[in-house]
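Listed below are the residues making up each chain.
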Amino acid sequence: MTPEEQDLVRGLVFVPGKGRTRTIDEVLAHFGESDGGALALRLLRDAMERRDADDAAMALIVKAAAGASGEEFLEPLIELFPAEWHWEHEDIVSMLGKLRSPRTVPTLVLATHWVPEHLDWDENRALAVKAIWALGAIPVAEAREALEGLSDDENEIIRENAVKQLARRGEL
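Residues numbered from 1 in each chain as written. Predicted model: local features only at pLDDT ≥ 70, side-chain atom pairs only at ≥ 80, totals over all residues. Heavy atoms only, no water.

Colleague: So, the overall build of the protein chain: which residues are in play, and what are the values?
Modeller: Scanning the protein chain from N- to C-terminus turns up 10 helices and zero strands. Going from N to C terminus, the protein chain has its helices and strands arranged as α-α-α-α-α-α-α-α-α-α. At 17 Å, the protein chain has a C-alpha radius of gyration in line with the 16 Å of a compact globule built from 172 residues. Taken along the three principal axes of its C-alpha coordinates, the protein chain extends 50 × 35 × 30 Å. Intrachain contacts of the protein chain at a sequence separation of at least 6 include 58% that bridge at least 24 residues. (Helix = DSSP H or I, 4+ residues; strand = E, 2+ residues; numbered from the N terminus. Rg over C-alpha atoms; globule rule 2.2 N^0.38 Å. Contact = heavy atoms within 4.5 Å.)

Colleague: Can you tell me about the packing of helix α6 (residues 89-99) against helix α8 (residues 126-136), naming the residues and giving the values?
Modeller: Look at α6 against α8: their axes get within 9 Å of each other, and the N-to-C directions meet at 5°. The angle between the axes of α6 and α8 places the two elements in the roughly parallel class. Here His-89, Glu-90, Val-93, Ser-94 and Gly-97 of α6 come into contact with α8, specifically with Ala-126, Leu-127, Lys-130, Ala-131 and Ala-134. (Axes fitted to C-alpha atoms, helices over the stretch in contact; angles between N-to-C directions. Parallel < 35°, antiparallel > 145°, perpendicular 65-115°, else oblique.)

Colleague: Tell me about the nonpolar core, and name the residues and values.
Modeller: In this structure, Val-27, Leu-44, Val-62, Leu-77, Leu-96, Leu-108 and Leu-135 are the most contacted members of the largest nonpolar core, which totals 53 residues. The residues touching Leu-135, leaving out its near neighbours within four places in the chain, are Val-105, Leu-108, Val-109, Thr-112, Ala-143, Ala-146, Leu-147, Leu-150 and Arg-169. (Core = buried A, V, L, I, M, F, W, Y, C linked by side-chain atoms within 4.5 Å. Buried < 20%, exposed > 50% of the residue type's maximum accessible area, 1.4 Å probe, protein only.)

Colleague: I'd like a description of helix α10 (residues 156-168), backed by residues and values.
Modeller: Every α-helix winds through 3.6 residues per turn, so residues three or four apart in the chain are directed the same way. Taking 1.5 Å as the rise per residue, α10 with 13 residues should run 18 Å; its terminal C-alpha atoms sit 18 Å apart, in good agreement. Listing the buried residues of α10 in full gives Ile-158, Asn-161, Ala-162, Gln-165 and Leu-166. Angularly, the buried residues of α10 cover 140° about the axis, an arc narrow enough to put them on a single face. Each element contacted by the buried residues of α10 is listed here: α7 (105-113), α8 and α9 (141-150). For α10, the N-terminal cap is Asn-155; the gap from its side-chain oxygen to the backbone nitrogen of Ile-157 is 2.9 Å. A positive phi of about 75° marks Gly-170, the residue just after α10. (Expected span 1.5 Å × (residues − 1). Arc of directions from axis to C-beta. Polar contact = N/O pair within 3.5 Å; in protein donor to acceptor, adjacent residues only side chain to side chain.)

Colleague: Tell me about helix α4 (residues 53-66), and name the residues and values.
Modeller: With 14 residues, α4 extends 20 Å between its outermost C-alpha atoms, agreeing within 8% with the 20 Å of an ideal straight helix rising 1.5 Å per residue. Turning to α4, its buried residues number three or more, namely Ala-53, Asp-55, Ala-56, Ala-57, Met-58, Ala-59, Leu-60, Val-62 and Lys-63. Those residues of α4 hidden inside the fold are in contact with α1 (3-10), α2 (24-31), α3 (36-50), α5 (74-80) and α6. Two to three positions downstream of the cap, the backbone nitrogen of Asp-54 sits 3.1 Å from a side-chain oxygen, assigning the N-cap of α4 to Asp-52. Downstream of α4 by a residue or two, Gly-67 has a phi angle that is positive, lying close to 70°.

Colleague: Let's hear about the packing of aromatic side chains: which residues, and what values?
Modeller: Following the criterion strictly, the structure yields one aromatic pair and no others. Here Phe-81 and Trp-114 contribute two aromatic rings whose centre-to-centre distance is 5.5 Å and whose plane-to-plane angle is 80°, an arrangement assigned as edge-to-face. In this pair, Phe-81 is assigned in the loop between α5 and α6 and Trp-114 in the loop between α7 and α8, connecting sequence segments 33 residues apart. Accessibility classification places Phe-81 together with Trp-114 in one group, the buried group. It is Lys-63 that lies over the ring of Phe-73; its NZ or CZ is 5.0 Å from the centre. (Phe/Tyr/Trp six-rings, centres within 6.5 Å; stacked < 30°, edge-to-face > 60°. Lys NZ or Arg CZ within 6 Å of the ring centre and 35° of its normal.)

Colleague: Describe the pattern of salt bridges, listing the residues and the values that go with them.
Modeller: For the structure on display, the rule yields 11 salt bridges. Note that Asp-46 and Arg-50 form a salt bridge whose closest N and O atoms lie 2.9 Å from each other. Of this pair, Asp-46 and Arg-50 are both found in helix α3, four residues apart, which corresponds to roughly one turn of the helix. Residue Arg-50 is classed as partly exposed on the basis of its relative accessible area of 39%. Its salt-bridge partner being Asp-52, residue Arg-50 comes within 3.2 Å of it at the nearest N-O pair. Members of the salt-bridge network, linked through shared partners, are Asp-46, Arg-50, Asp-52 and Asp-55. (Salt bridge = Lys/Arg side-chain N within 4 Å of Asp/Glu carboxyl O.)

Structure below.
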C-alpha cells in the first residue's frame, strides 16, 4: 500500500472528537472493490506475503470497518497470529474469538502463554485474558479442556480468568 492509501484507510478509524474522515465506500471505490470483506482479505494476504506490519494493520482496519467476520478469515488469522513481524496480536485474538470456531482453540491456548516482545510490558496479560474469554465462548470440549488446564496455571491472572470462564459456562 502506498502511504496515501494507508492514510485513506486510517480515515476509517473513529477518532474521539473528530469521528471518521473516510467511509468504507470511499475506500472500496479507491481500491476498485465492492466487497469490504474481499478487499480486507486481499490486503491481509498481500501484507502477510510481504511481511508488512503496517499493511497488516490497514487490512484489519478495513476488515473491521466493513464488518467482515466470515470463515474466510479463519486460516489467515490463525497463520498471522504467531508471527512476530506485526503488532496486531490482541486484535487477532479478538477476531478469532468472534468466530467461535473450535479450530481456533490451539491458537487461543498459545495466546495465553506466549507474550510477543511488543507486549512484554503488560503485567495485566491483556492478550492472555482476551484469549481465555474467547475460549470461554467456544462451546466444545476442547475449549473446556483448555480452560480446565489454565485453571491450574501458575500465573494468577490466567488462573482466575480461566476459573471465571468455567464458572460462566457452568462447568466448575
